[in-house]
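The lines below spell out each chain.
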Amino acid sequence: MIALLDKKHNRENFDCGNPLLNNYLKTQVRQDIKRKLSACFVLSHNKEIIQGYYTLSNHSTPLDIFPEQIQKKLPPSYKSIPTTLLGRLAVDKNFQNKGMGKILLIDALKRCYEVSKEMGSFAVVVDPIDRNAAMFYKKYDFISLPDSKKMFIAIQSLQQLFG
């Protein structure tokens, strides 16, 4: 079950193999939630074992880093475009290569699509932590932003999936 992280979730044993993502969940996420910097959703089994997690935040992306064909479709008066940041997505080593990343990503994208009906968001943006992460997002039709390591998928594309 995927739910908002709460104090009952055991974060201590989570290990995805990446120290930055592990430490974020273990030491920083509660402060980010309190400060309203991000929301953290966890896939867990009876709150004892966190199988994976992702974070979402409001975001703003400069118009000029989108591909030219997309820039032409957006009002030039917008210097930044409202987007949603899928900031982190990680799966515990014990559950990797079992489709958990896909489950987390689909849940995140569906959540972003639903929220976009009530609050403006042109796209979901990710900043892949490494090449493997970039390949993962590319597999799900994320598009690279020129001159940036960031990638995005337009909410309009999600509407075709979830609408």
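Small disclaimer: the values here were computed from a predicted structure and weren't measured.

1. Re the packing of aromatic side chains
Inference 1: All chains considered together, the criterion is met by nine aromatic pairs.
Inference 2: Aromatic side chains Phe136 and Tyr137 sit 5.3 Å apart centroid to centroid with 70 degrees between the ring planes, which places their arrangement in the edge-to-face category.
Inference 3: An aromatic cluster is defined as three or more aromatic residues linked by ring pairs; in this entry it consists of Phe136, Tyr137, Tyr140 and Phe142.

2. A look at the pattern of salt bridges
Inference 1: This structure, assessed with the given rule, holds four salt bridges.
Inference 2: Put simply, Asp15 and Lys93 hold a salt bridge, and the shortest N to O gap is 3.4 Å. One end of the pair, Asp15, is in the loop between strand 1 (2-4) and helix 1 (19-34); the other, Lys93, is in the loop between strand 4 (80-91) and helix 3 (100-116), with 78 residues separating them in the sequence.
Inference 3: Taking relative accessible area as the criterion, Asp15 reaches 29% and is therefore assigned partly exposed.
Inference 4: A relative accessible area of 48% places Lys93 in the partly exposed class.
Inference 5: Residue Arg111 is joined to Asp107 by a salt bridge in which the shortest nitrogen-to-oxygen separation is 2.9 Å. Of this pair, Arg111 and Asp107 both sit in helix 3, four residues apart, roughly one helical turn.

3. Points about the pairing of strand 4
Inference 1: Where strand 3 (residues 49-62) meets strand 4, 11 bridges bridge the pair, whose relative direction is antiparallel. Bridging from a neighbouring strand, Thr55 pairs with Arg88 of strand 4.
Inference 2: Pairing of strand 4 with strand 5 (residues 123-126) involves two bridges; the strand directions are parallel. Counterpart to Thr84 in the pairing with strand 5 is Val124.
Inference 3: Since strand 4 and strand 5 lie parallel, the crossover through helix 3 that links them has a hand, and here it is right-handed.

About the cut-offs
Residues numbered from 1 in each chain as written. Predicted model: local features only at pLDDT ≥ 70, side-chain atom pairs only at ≥ 80, totals over all residues. Heavy atoms only, no water. Phe/Tyr/Trp six-rings, centres within 6.5 Å; stacked < 30°, edge-to-face > 60°. Salt bridge = Lys/Arg side-chain N within 4 Å of Asp/Glu carboxyl O. Helix = DSSP H or I, 4+ residues; strand = E, 2+ residues; numbered from the N terminus. Buried < 20%, exposed > 50% of the residue type's maximum accessible area, 1.4 Å probe, protein only. Pairing = 2+ DSSP bridges. Right-handed = clockwise from strand over helix to strand, strands pointing away.

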